[in-house]
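Architecture and fold: a report
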Amino acid sequence: MKTKFYLRFLVLSVLFPTVVFSQGFLDGAKVTGNTQIDAQYYAEDDKLGITDSTLNYRKFGMNGYANLLYTAGDFSAGLRMEAYLNPMLGFDQRYEGVGIPYWFARYKTGTFEMTAGHFYEQFGSGLILRSWENWTLGYDNSIYGFNANFSPVQGVKLKGLVGVQRYFWQPYQESNRGIVKGIDGDFYLNELFDGMVESKTRINLGGSFVSKYEKVPTLTYVTDSTYFVDSVEWNQQTVYEMNLPYNVGSWAARTSISHGGLDFFVEYAEKANDPNATNSYIFRKGSAIYSSLSVSTKGLGIFLSTKWIDNMSYKSKLTETGNPPMLDINYLPAISKEHAYSMAALYPYATQPNGEFGFQGQVDYKIPKETKLGGKYGTSVTLNYSLAKSIEKDTLPNSPVTGSLAGTDGYETKFFSIGDLTYYRDLNLIIERRLSGKWKTILGYYNQSYNKNVIEDNIYNDKHMVDANIAVLDLTYRITRRNSLRMEAQGLWTEEDKGDWAALLFEYNVSPSWFFSVQDEFNYGNPNEDLQVHYFNLAFGYTQNTTRFAVRYGRQREGLVCIGGVCRYVPASTGLTLTITSSF
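What comes next is a walk through the structure.

The rules behind each value
Residues numbered from 1 in each chain as written. Predicted model: local features only at pLDDT ≥ 70, side-chain atom pairs only at ≥ 80, totals over all residues. Heavy atoms only, no water. Helix = DSSP H or I, 4+ residues; strand = E, 2+ residues; numbered from the N terminus. Buried < 20%, exposed > 50% of the residue type's maximum accessible area, 1.4 Å probe, protein only. Contact = heavy atoms within 4.5 Å. Areas by Shrake-Rupley, 256 points an atom, 1.4 Å probe, with all protein chains shown as cover. Disulfide = S-S within 2.5 Å. Core = buried A, V, L, I, M, F, W, Y, C linked by side-chain atoms within 4.5 Å. Pairing = 2+ DSSP bridges. Phe/Tyr/Trp six-rings, centres within 6.5 Å; stacked < 30°, edge-to-face > 60°. Lys NZ or Arg CZ within 6 Å of the ring centre and 35° of its normal. Polar contact = N/O pair within 3.5 Å; in protein donor to acceptor, adjacent residues only side chain to side chain. Salt bridge = Lys/Arg side-chain N within 4 Å of Asp/Glu carboxyl O. Patch = residues over 30% accessible without salt bridge, like charges linked within 9 Å, V, L, I, M, F, W, Y side chains within 5 Å. Lys, Arg positive; Asp, Glu negative; His and termini not counted. Charge placed at Lys NZ, Arg CZ, Asp CG, Glu CD.

Next up on the list: the overall build of the protein chain. Counting secondary structure elements, the protein chain contains four helices and 32 strands. Counting only C-alpha atoms, the protein chain reaches 95 × 70 × 60 Å along its principal axes. Expressed as a percentage of the 584 residues in the protein chain, the buried residues total 46%. For the protein chain, long-range pairs separated by at least 24 residues make up 60% of all intrachain contacts whose partners lie at least 6 apart in sequence. Counting every atom, the protein chain has about 29,100 Å² of accessible surface; 57% of that belongs to carbon and sulfur.

Below, the discussion takes up the environment of V401. Mapped onto the secondary structure, V401 falls in the loop between β20 (394-395) and β21 (411-412). Judged by relative accessible area, V401 falls into the partly exposed class, the value being 26%. Apart from residues no more than four positions distant in its own chain, V401 is found in contact with Y221, T223 and Y240.

This structure, assessed with the given rule, holds one disulfide. Put simply, C562 and C567 are joined by a disulfide, and their sulfur atoms are 1.9 Å apart. Its torsion about the S-S bond being 105 degrees, the disulfide of C562 and C567 is classed as right-handed. Each member of the pair, C562 as well as C567, is classed as buried.

What follows covers the nonpolar core. Ranked by internal contacts, the top residues of the largest apolar core, which has 36 residues, are Y349, Y423, Y424, Y446, Y450, I455 and L492. Mapped onto this core, the elements with two or more residues apiece are β22 (422-434), β23 (439-451), α4 (452-457), β24 (465-478), β26 (501-510) and β30 (559-563). The biggest single contributor to this core is β24, with four residues. If you look at the next biggest cluster of nonpolar residues, it comprises 21 residues, including F265, A269, I309 and I335.

This part takes up the environment of Q173. Mapped onto the fold, Q173 is located in the loop between β9 (156-165) and β10 (179-188). On the accessibility criterion, Q173 (48% relative accessible area) is partly exposed.

Here I302 shows up in strand β17 (residues 300-310). In this structure I302 comes out as partly exposed when scored by relative accessible area, which is 31%. Spatially, the C-alpha atoms of I302 and L262 are 9.5 Å apart, while their sequence positions differ by 40 residues. Beyond its immediate sequence surroundings of up to four residues, I302 is in contact with L293, S294, V295, Q362 and V363.

Strand direction decides the pairing type here: strand β4 (residues 97-109) and strand β5 (residues 112-119), joined by six bridges, are antiparallel. Bridging across to β5, A105 finds its partner in A116. Hairpin connection from β4 to β5: two residues lie between these consecutive antiparallel strands, with G110 at a positive phi of about 60 degrees. Both β5 and strand β8 (residues 143-150) contribute to a ladder of eight bridges, which runs antiparallel. Looking across to β8, one finds that G117 is bridged to G145.

Turning next to the packing of aromatic side chains. One pass over the structure, following the stated rule, counts 30 aromatic pairs. The interplanar angle of 35 degrees and the centroid separation of 5.7 Å between the aromatic rings of Y84 and W135 together place this pair among those described as tilted. In this pair, Y84 is assigned in strand β3 (residues 75-84) and W135 in the loop between β6 (133-134) and β7 (139-140), connecting sequence segments 51 residues apart. The class for Y84 is buried, based on a relative accessible area of 4%. Taking the relative accessible area as the measure of exposure, W135 reaches 13% and is therefore buried. Here a set of aromatic residues connected by ring pairs shows up, and it is made of Y65, Y84, Y95, W135, Y167, F168 and W169. One Lys or Arg, R166, reaches over the ring of W169 and ends 5.4 Å from the middle of that ring. Over the ring of W501 we find R557, and its NZ or CZ is 5.9 Å from the ring centre.

When you line up the elements, E488 lands in strand β25 (residues 483-493). A polar contact is formed between the side chain of E488 and the side chain of R486, at a distance of 2.8 Å. With near-sequence residues (within four places) excluded, E488 lies in contact with Y341, L473, D474, A503, L504 and L505.

A few words now on the pattern of salt bridges. In the structure shown here, the tally under the stated rule is 26 salt bridges. One salt bridge connects R555 with D45, and the closest N-O pair in it is separated by 2.7 Å. One end of the pair, R555, is in strand β29 (residues 547-556); the other, D45, is in the loop between β1 (30-42) and β2 (60-72), and 510 residues separate them in sequence. Grouping residues by exposure puts R555 and D45 together as buried. Across the pair D474 and R486 runs a salt bridge whose closest N-O atoms are separated by 2.8 Å. Within this pair, whereas D474 is found in strand β24, its partner R486 is found in strand β25, the two being separated by 12 residues in sequence.

A surface patch of like charges, here negative, comprises E392, D394, D409, E412 and D420. Residue position: E392 is located in the loop between β19 (379-389) and β20.

Time to look at the pairing of β2. In this sheet, β2 lies alongside β1 in antiparallel orientation, the contact comprising 12 bridges. Paired with N34 across the strands is N67, a residue of β2. The sheet contact formed by β2 and β3 spans 10 bridges and is antiparallel. Note on β3: the bridge partner recorded for N67 is R80.

Structure follows, in structure tokens:
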């Protein structure tokens, strides 16, 4: 009841501030917001095997949200209404419903800032804590509780939080998920020490501690034993209960150093033993390291990053699994490039929290204009390489009680060891060049290896490796100052999985309001001739001020949609899609 009262008070504060607050509190008050509505009408499609029955007779899906933010000086409050009627295909059906899952009130006085309600927060790179939301993925692990930031002296920033994470529409009650607590500190040495104020080298240190408390479930195992008394056989059953930890702590330390065009960052994290559904209930501690190095100078940029993860799934409910994963306390970045072209993004990478080594390197170079190679306008070249592999593991014997690795430490490994199994590899080259005042072109080549068993099914072998070559030609012709025509031609060639693809897109733009496009993705190399399907799409859109309407009709191929290593499975569908976005 108290929650409902405070929520009503917040809504009144935002919608009718003159009723709730004094005039002085309203000085400089501002209300802003944005909304998005995605709606789909699904059609039957014999070619894709889609019928009313496979759609569960839900021929219409709609996901929508509206954010409202009220700001008055150092005070701000906001809320987000969401509706899933019905959830669109590929989104978790537990989202079905309408409500306000996110609201907050925030006040700042001096260097102290307090948030009550729902909030998003990140410590360091997120290895032990990151709450975030992504509408496209249907992912939201916002924290509901209190969050405070404080700077006691210049050069020191402290954070603290306590709360519970969002889990669809399910309210927190009777310890149905864990409570998350954390503190974090950043120390900017150049601001703390007078002797470093003028230094061109900037050094920051940081550290975090996060803990979750969970009323753990009871996991029991039964063993049978046989013995004889006076030659009579007797059977005995013994029940064992797994001693699951109620509290699981984690810590991280980090530093960043910058000098001119050079930036270096490294963070190391450890997690206490945390048996859970993701790691098959082993008691091994977790650890991870992530680092990045970037160098930039005129016309040249180099970026390198690496990570090593061992048993770092960290959720506020140990039995939680799913796609996309929910109730993640931490975030394990996928250090692979996210591609914009559909064929290059057909095989995306998803982070493997149970163990992974990753590396990425990228070079961006701008060939100067008015040179033989750069041409009249200059040429941009981007070379990117990313690799994800397993880590070495010496598996321990199974537990005699559970008959599996559950209840044991699972395996042994060495820090920063690299295993033999490749999860993902991507080498790509992008060349972008303006040919004249009218023509602009982008050429792309991608060579990818995608371990389908590991990434999609958590089966750790190389029995289903997909090796693909992809080429892209993107041409834009500016007809007039406001009118342009763009063409994308793509090809994907592989002997595995669904075979070869070809894709073609034409897009006509009337700046700044209209676009029209026609696209076809043809899986002409599918080994099953019945599945050599054209995924055609017709689309147009209109923009008026800050509002955009887009309509699309056609087929959607199945596959993974991944952002930052977090993925959502999207099934094949056919139908009409309407998207409206607006802000004020």
